[in-house]
Amino acid sequence: MDEVADEMVVFSDMGFAKKDWHPLNLRLCQRGEWNVRMLMETVLSMLTYVCDFKHTRHKAWDYFKTKVGFTMALFNILVQWHGFQSDETGFVALSIAEFSL
């Protein structure tokens, strides 16, 4: 995390807290705080499952770039299709189960 301190802020839950180490770019969030990060975790988890992204075994860089490209294209299609509509509590119901057949 120290290597990217000048480039990005990292959000984490309280389980990541350490006694003697707290980088300036680390933001520890209480439960329910910065829920946008949980939305992104959910989206990435669904795309990982549907696109089998954790088991990418491409030996050529071009094939890997292609897999990343079609995964992001799927994400863009889902956002345009369903949108990120939240209910009165702020919950965003996401589903890509129809693509997991």
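The rules behind each value
- Residues numbered from 1 in each chain as written.
- Predicted model: local features only at pLDDT ≥ 70, side-chain atom pairs only at ≥ 80, totals over all residues.
- Heavy atoms only, no water.
- Helix = DSSP H or I, 4+ residues; strand = E, 2+ residues; numbered from the N terminus.
- Buried < 20%, exposed > 50% of the residue type's maximum accessible area, 1.4 Å probe, protein only.
- Areas by Shrake-Rupley, 256 points an atom, 1.4 Å probe, with all protein chains shown as cover.
- Phe/Tyr/Trp six-rings, centres within 6.5 Å; stacked < 30°, edge-to-face > 60°.
- Core = buried A, V, L, I, M, F, W, Y, C linked by side-chain atoms within 4.5 Å.
- Patch = residues over 30% accessible without salt bridge, like charges linked within 9 Å, V, L, I, M, F, W, Y side chains within 5 Å.
- Salt bridge = Lys/Arg side-chain N within 4 Å of Asp/Glu carboxyl O.
- Polar contact = N/O pair within 3.5 Å; in protein donor to acceptor, adjacent residues only side chain to side chain.

### Some remarks on the overall build of the chain
Scanning the chain for helices and strands turns up 2 helices and 2 strands. Ordered by position in the sequence, the α and β elements of the chain form the string β-β-α-α. Looking at the chain as a whole, 18% of its 101 residues qualify as buried. Total accessible area on the chain is roughly 8,300 Å²; 58% of this is exposed by carbon and sulfur atoms.

### Some thoughts on the packing of aromatic side chains
The final tally for this structure, using the stated rule, is 1 aromatic pair. Measuring from centroid to centroid gives 5.5 Å for W61 and F64, while their planes differ by 35°, and the two rings are tilted. Linking W61 with F64, this pair stays in helix α2 (residues 61-82), spanning 3 residues, or about one helical turn. The class of W61 is exposed, set by a relative accessible area of 58%. Classification of F64 by relative accessible area gives partly exposed; the value is 28%.

### A look at the nonpolar core
Counting residues in hydrophobic clusters, the biggest one holds 6 residues: V43, L47, C51, L74, F75 and L78. Elements that contribute at least two residues to this core include exactly α1 (36-51) and α2.

### With respect to a nonpolar patch on the surface
Taken together, V9, F11 and W34 make up a surface patch of nonpolar side chains, about 290 Å² in accessible area. Looking at where F11 falls in the secondary structure, it is placed in strand β1 (residues 10-13). By relative accessible area, F11 is classed as partly exposed at 33%.

### Some remarks on the side chain of N25
With respect to the helices and strands, the residue N25 is situated in the loop between β1 and β2 (26-29). Of note is the side chain of N25, whose polar atom sits 3.3 Å from the backbone oxygen of M8.

### Details of the pattern of salt bridges
Scanning the entire structure with this criterion turns up 1 salt bridge. Here D62 and K65 are joined by a salt bridge, their closest N and O atoms 3.6 Å apart. You can see D62 and its partner K65 sitting in helix α2, 3 residues apart, about one turn around the helix.

### What about the environment of L26?
Looking at the element boundaries, L26 is found in strand β2. Assessed through its relative accessible area of 3%, L26 is described here as buried. Separated by 16 residues in the primary sequence, L26 and V10 have C-alpha atoms spaced 4.9 Å apart.

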